[in-house]
Amino acid sequence: MSLFKRNKSSYQISSMTLTRIPVFHRFWGAAILAGLFIGCPSGSWIWAVSNGLVDISPLYDAFKAVHSTVQVFVLFGLFVAGFALQSGAHVLGGSPPKSEQVIWIYPLILLGVLIRIMPLGNVQAGNMLITAGNIWLLYVMVRTALGGNRERLIPIGGLFFVGFFVLAAAPWMDLSQPSQGFFVLWAGIFLIVLAAGQQLIANVLGAKRFNPVGGLFFALIVLASVVSMWLTVFTGVKLPQLTGALMALAIVFYLAFLGVIPALIKTGFTSLVLAFVFNFFWALTVAFLLIFADPTWDSILHLLALGSITTMILAVGARVLGFFSGRVALSESTLTLLIVGWQLVTLFRGGGQALGFGESAAGFSIFWLELLFSLWAILCFLRVLKVMKPDKEVEG
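Residues numbered from 1 in each chain as written. Predicted model: local features only at pLDDT ≥ 70, side-chain atom pairs only at ≥ 80, totals over all residues. Heavy atoms only, no water.

A. Region of interest: the overall build of the protein chain. Assigned secondary structure in the protein chain consists of 15 helices and zero strands. Scored against the burial criterion, the 396 residues of the protein chain give a buried share of 56%. Considering only contacts in the protein chain between residues 6 or more positions apart, those separated by 24 or more positions represent 81%. Carbon and sulfur atoms make up 68% of the accessible area of the protein chain, which amounts to about 16500 Å² in all. (Helix = DSSP H or I, 4+ residues; strand = E, 2+ residues; numbered from the N terminus. Buried < 20%, exposed > 50% of the residue type's maximum accessible area, 1.4 Å probe, protein only. Contact = heavy atoms within 4.5 Å. Areas by Shrake-Rupley, 256 points an atom, 1.4 Å probe, with all protein chains shown as cover.)

Here you go:
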């Protein structure tokens, strides 16, 4: 019996199952290409410079600005936007937006990013376009939440609201500062992942949904963590231990109220289960580092970005694209091994300074990052091109 078992039907879908023209793959396609050709290569170069593998050049600050912009607004931002648009109506219990109402958002954000990072571009004009795109996403999710299940309005709709609000404000922050980048990742990207991910947690893993009291309590803890982190990052009021404690509480309550751990155990060993385990493990690691240690913002930024968020992108992207295209992007065993291998990137990049890894370890990790992400990106983008579309009369 094979260690890696895959239910083939879980990766297949008939056109009768689709209720509207999918749009998520357009957001994801742009995110994949941006990560493959700009985000990861620029990050690898910055990593090489910081470890003395490459001489520091006058372009260092420019590369750092490009890397942070592309990663936050395109690779991470468009991925969670597509994820939210695809799963939002399911987790909120409302009606999904029509495709033509949201399809223009990703070109708007891409144009804003391009204008922002061009050498002679108008940064403020680019920021306005990025903000406009995320405000429209915020409006779409709020409208969906208000028309959905009232019990899900606060614990799920609230996460979407805070997440896209932070992404709309993020262009006006200095993302080259690791502390501000970390704030956007936690209060923006990660909260949207927690909200949208409840579709997989409930439907695929068979976990529970929030009850009214538990949902309200969870939402208050999350909001308190965002406020505490905002005070720490932007006002000079140093509350790292409180911020870490609130982050840890938010994650623990998320796991407890939804019954995630029993659901993971019942589901068994799969790539998606493994991704959820690493996601919560690294997020809790970041929280405990804030409580008990004095980590650099750069280290915890990359622990959260690579260990939690990117791990979920690798797993969810491959699974959902395989589901909607009718053919797997990566086999279950390949995806599992890729996810496990990716944790070395997280460990070396996020913990390299603290653990004292040398130049040789950094050089290997940069090669490993490019190899794994390129493999995943190319295979998943081929599935983006094959996403099935229902008859137009099905929508609306």
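Alright, that's what it looks like, and here's the rest.
B. Summary view of the confidence of the model for the protein chain. Of the residues in the protein chain, 90% have a pLDDT of 70 or more, and the chain-wide mean is 87. Highest mean pLDDT in the protein chain belongs to helix α7 (residues 178-196) (97); lowest belongs to helix α14 (residues 332-355) (85). Residue range residues 391-396 is modelled with pLDDT below 50. Its contacts to residues more than four positions away, or to other chains, number twelve contacts. (pLDDT = per-residue confidence, 0-100.)

C. Structural view of the nonpolar core. Counting 130 residues, the largest nonpolar core has Phe160, Phe164, Trp186 and Trp376 as its most contacted members. Here this core takes 16 residues from helix α13 (residues 297-325), the largest share from any one element. Excluding residues within four positions of it along the chain, Trp186 makes contact with Leu191, Ser225, Val226, Met229, Met247, Ile251 and Leu304. (Core = buried A, V, L, I, M, F, W, Y, C linked by side-chain atoms within 4.5 Å.)

D. Broad picture of the side chain of Thr311. With respect to the helices and strands, Thr311 occurs in helix α13. A polar side-chain atom of Thr311 sits 2.7 Å from the main-chain carbonyl oxygen of Gly307. (Polar contact = N/O pair within 3.5 Å; in protein donor to acceptor, adjacent residues only side chain to side chain.)

E. Local environment of the side chain of Gln180. By the secondary structure assignment, Gln180 is in helix α7. There is a polar contact of 2.8 Å between the side chain of Gln180 and the backbone nitrogen of Asp174. Beyond its immediate chain neighbours, meaning those up to four positions away, Gln180 contacts Met173, Asp174, Leu175, Val233 and Phe234.

F. Quick look at the pattern of salt bridges. A full pass over the atoms with the stated rule returns one salt bridge. Residue Arg349 is joined to Asp298 by a salt bridge in which the shortest nitrogen-to-oxygen separation is 3.1 Å. You can see Arg349 sitting in helix α14 and its partner Asp298 sitting in helix α13, a full 51 residues away along the chain. On the accessibility criterion, Arg349 (11% relative accessible area) is buried. (Salt bridge = Lys/Arg side-chain N within 4 Å of Asp/Glu carboxyl O.)

G. Highlighting the packing of helix α4 (residues 105-117) against helix α5 (residues 123-146). Between α4 and α5, the least distance of the axes is 7 Å, while the angle of their chain directions is 155 degrees. The angle between α4 and α5 falls in the class roughly antiparallel. The handedness of the crossing between α4 and α5 is left-handed. Contacts from Ile105, Leu108, Ile109, Leu111, Gly112, Val113, Ile115 and Arg116 of α4 reach α5 at Val123, Ala125, Gly126, Asn127, Leu129, Ile130, Ala132, Gly133, Asn134, Trp136 and Leu137. Of the residues contributing to the contact of α4 with α5, the split by class is 13 nonpolar, five polar and one charged. (Axes fitted to C-alpha atoms, helices over the stretch in contact; angles between N-to-C directions. Parallel < 35°, antiparallel > 145°, perpendicular 65-115°, else oblique. Left-handed = near helix turned anticlockwise from the far one by under 90°. Nonpolar A, V, L, I, M, F, W, Y, C, P; charged D, E, K, R; others polar.)

H. Structural detail: the packing of aromatic side chains. Within the structure shown, the criterion is met by 27 aromatic pairs. Ring geometry for Trp45 and Tyr60: centres 6.3 Å apart, planes at 40 degrees, overall tilted. Here Trp45, found in helix α1 (residues 24-50), pairs with Tyr60, found in helix α2 (residues 60-92); they are 15 residues apart in sequence, far enough to count as distant. These aromatic residues form a ring-pair network of at least three members: Phe210, Phe217, Phe218, Phe253, Tyr254, Phe257, Phe276 and Phe280. (Phe/Tyr/Trp six-rings, centres within 6.5 Å; stacked < 30°, edge-to-face > 60°.)

I. The packing of α7 against helix α9 (residues 212-235), seen in detail. Contact pair α7 / α9: the axes reach a minimum separation of 9 Å and the direction vectors enclose 165 degrees. The angle between the axes of α7 and α9 places the two elements in the roughly antiparallel class. When the axes of α7 and α9 are compared, the crossing they make is left-handed. From α7, Ser179, Gln180, Phe182, Phe183, Trp186, Ala187, Leu191 and Leu194 reach across to α9, where they touch Phe218, Val222, Ser225, Val226, Met229, Trp230, Val233 and Phe234. Considered class by class, the residues forming the contact of α7 with α9 number 13 nonpolar, three polar and no charged.

J. Structural view of α2. The largest bend along α2 reaches roughly 45 degrees and is located at Gln86. Counting buried positions over the 33 residues of α2 gives 26, a clear majority of the element. At the C-terminal side of α2, Gly93 shows a positive phi close to 80 degrees. (Bend = angle between axes of the 7 residues up to and from the residue.)

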